[in-house]
Amino acid sequence: QVQLVETGGGLVQPGGSLKLSCAVSGTIFSIYALAWYRQAPGKQRELVATIAYGGSTNYADSVKGRFTISRDNSKKTLYLQMHSLKPEDTAVYYCNTATRQWSSWGPGTQVTVSS
């Protein structure tokens, strides 16, 4: 059973930074393309960023240039470094594979951007 635990969220002022982590257990980590998703209140869960097995990355237009996705295969951990945060980045952030292959999602981590 795959277990995902997202951490690192919090309350930050506009323009601030946060770094999210996702610890993965119960599966082989390194073979998957991985992703961060987010879900704001009243909205559908959306893809934020992906990182392939080889390390190539892609980003949603809304976060391009501000967010950086990375992975540490030895620690089975996925990261999302977020800079220049905006109120519209407020959401619960989740990790999964790039194709949402893992059926059990983690609890997510709340990011709130507000002054």
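The structure under discussion appears in the preceding block.
The shown structure was predicted, so the numbers you read here are calculated from the model rather than taken from an experiment.

Right, let's get into the overall build of the protein. Secondary structure assignment for the protein yields 0 helices and 10 strands. Its helices and strands in sequence order give the protein the pattern β-β-β-β-β-β-β-β-β-β, from N to C terminus. A compact globule built from 115 residues would reach a C-alpha radius of gyration of about 13 Å, and the protein, at 13 Å, matches this within 12%. Projected onto its principal axes, the C-alpha positions of the protein cover 40 × 25 × 25 Å. Buried positions account for 42% of the 115 residues belonging to the protein. Excluding contacts between residues fewer than 6 apart, the proportion of contacts in the protein whose partners are at least 24 apart in sequence is 56%. When the accessible area of the protein is evaluated, it comes to approximately 5900 Å², of which 49% is carbon and sulfur surface. On the protein, the mean spot of the 11 positive side-chain charges and the mean spot of the 6 negative ones are 4 Å from each other.

The sheet built from 6 strands is open, its strands ordered S2-S10-S9-S4-S5-S6 with mixed pairing. The open sheet terminates on both sides in strands that have one partner only, identified here as strand S2 (10–12) and strand S6 (57–59). The sheet shows a mean angle of 25° between the axes of neighbouring strands, taken without regard to direction. Two elements, strand S4 (residues 34–39) and strand S5 (residues 46–51), share 5 bridges in a ladder whose sense is antiparallel. If you follow Ala35 over to S5, its bridge partner there is Thr50.

Moving on: the pattern of salt bridges. All told, the structure shown has 4 salt bridges when counted by the stated rule. For the salt bridge of Asp61 with Lys64, the shortest nitrogen-to-oxygen distance reads 3.1 Å. Here Asp61 falls in the exposed class, since its relative accessible area comes to 67%.

Calculation rules
Residues numbered from 1 in each chain as written. Predicted model: local features only at pLDDT ≥ 70, side-chain atom pairs only at ≥ 80, totals over all residues. Heavy atoms only, no water. Helix = DSSP H or I, 4+ residues; strand = E, 2+ residues; numbered from the N terminus. Rg over C-alpha atoms; globule rule 2.2 N^0.38 Å. Buried < 20%, exposed > 50% of the residue type's maximum accessible area, 1.4 Å probe, protein only. Contact = heavy atoms within 4.5 Å. Areas by Shrake-Rupley, 256 points an atom, 1.4 Å probe, with all protein chains shown as cover. Lys, Arg positive; Asp, Glu negative; His and termini not counted. Charge placed at Lys NZ, Arg CZ, Asp CG, Glu CD. Pairing = 2+ DSSP bridges. Axes fitted to C-alpha atoms, helices over the stretch in contact; angles between N-to-C directions. Salt bridge = Lys/Arg side-chain N within 4 Å of Asp/Glu carboxyl O.

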